[in-house]
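Architecture and fold: a report
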Amino acid sequence: MFIMNGKSNFWVCLFVMAAGIALICMHSDESLLQWLVVVLGWLFALPGALVILLSFLSKTYRRYSEGINLMSAIGSFMVGIIMIVWPAMLVGVLVYVLAALLVFLGIWQIVSLVKISIPVMPWWLYVLPALSLGAGIALLVTPLRTIEELFTLVSGIAMVCVGANGVFMAVTSYTARREHLRAIDNTDNNRPENY
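First things first, this report covers the structure right here in the doc. (Residues numbered from 1 in each chain as written. Predicted model: local features only at pLDDT ≥ 70, side-chain atom pairs only at ≥ 80, totals over all residues. Heavy atoms only, no water.)

Turning to the packing of helix α5 (residues 87–116) against helix α6 (residues 127–141), a few remarks are in order. For the pair α5 and α6, interaxial distance at closest approach is 8 Å and the crossing angle is 155°. Looking at the two axes, α5 sits roughly antiparallel to α6. Note on packing geometry: the crossing formed by α5 with α6 is left-handed. For the pair formed by α5 and α6, the contact residues are Tyr96, Ala99, Ala100, Leu102, Val103, Gly106, Ile107, Gln109, Ile110 and Leu113 on the first element and Pro129, Ala130, Ser132, Leu133, Gly136, Ile137, Leu139 and Leu140 on the second. Each residue belonging to the contact of α5 with α6 can be placed in one class, and the counts come to 14 nonpolar, four polar and no charged. (Axes fitted to C-alpha atoms, helices over the stretch in contact; angles between N-to-C directions. Helix = DSSP H or I, 4+ residues; strand = E, 2+ residues; numbered from the N terminus. Parallel < 35°, antiparallel > 145°, perpendicular 65-115°, else oblique. Left-handed = near helix turned anticlockwise from the far one by under 90°. Contact = heavy atoms within 4.5 Å. Nonpolar A, V, L, I, M, F, W, Y, C, P; charged D, E, K, R; others polar.)

This is the structure:
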């Protein structure tokens, strides 16, 4: 779950906030989406190239790796190269992937809030995930040419909201858990000892 995983989710939320702030700061750059596609291309190509090199250069690695591992590395490398060489072609795909990510993050946080326990979490923690969900759906149903200019700004704001809400959820959950443990400890200390 989003909250129950502790510190790792806290850091994921901070990373999402940082990415959102970067998108807000650079939203007026017309080539930003192409640069994002290129960066994602490198993130696909480099690990794929590394696995391919290791499987041909290292006998030990080749012995323990399966053929499916090499095939996925080749696929990852090829997708990465396509993204690096033709980023303009994939900008539309990136826009809809990020919009779907906003929908997913909104749903994820709402489900996490419902599953934790309703008395612990304040109602206002549901507002930002609902807005993120709405922004993602609006971006998914809007034609690409209409949203190109506003996409990075809307996505950045939604990512900051989702990240901030995740941080609030983590802090609220941690505080409630600590108070609950303190109450249990106080109850145990007040019990009469059995002789």
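So, on to α5. Helix length check: α5 (30 residues) gives 41 Å between terminal C-alpha atoms against 44 Å at 1.5 Å per residue, within 8%. In the structure, α5 departs most strongly from a straight axis at Val93, where the bend amounts to approximately 30°. (Expected span 1.5 Å × (residues − 1). Bend = angle between axes of the 7 residues up to and from the residue.)

Glancing now at the nonpolar core. Counting 17 residues, the largest nonpolar core has Leu33, Val37 and Phe151 as the members making the most contacts within it. Among the secondary structure elements, those contributing two or more residues to this core are α1 (7–25), α2 (32–57), α5 and α7 (144–190). For Phe151, the contacting residues outside a window of four places in its chain are Leu33, Val95, Leu98, Ala99 and Leu139. (Core = buried A, V, L, I, M, F, W, Y, C linked by side-chain atoms within 4.5 Å. Buried < 20%, exposed > 50% of the residue type's maximum accessible area, 1.4 Å probe, protein only.)

Turning our eyes to something else, we now look at a nonpolar patch on the surface. On the surface, Met71, Ile74, Phe77, Met78, Ile81, Ile82, Val85, Trp86 and Met89 cluster together to form a nonpolar patch covering roughly 850 Å² of accessible area. With respect to the helices, strands and loops of the structure, Met78 is situated in helix α4 (residues 67–85). (Patch = residues over 30% accessible without salt bridge, like charges linked within 9 Å, V, L, I, M, F, W, Y side chains within 5 Å. Areas by Shrake-Rupley, 256 points an atom, 1.4 Å probe, with all protein chains shown as cover. Salt bridge = Lys/Arg side-chain N within 4 Å of Asp/Glu carboxyl O.)

A separate point is the packing of α2 against α5. Direction vectors running N to C along α2 and α5 enclose 95°, while the axes themselves pass 8 Å from each other. Classified by the angle between their axes, α2 and α5 sit roughly perpendicular to one another. Here Leu33, Gln34, Leu36, Val37, Val38 and Leu40 of α2 lie close against α5, whose contacting residues are Pro87, Ala88, Leu90, Val91, Leu94 and Val95. Residues belonging to the contact of α2 with α5 are distributed by class as follows: eleven nonpolar, one polar and no charged.

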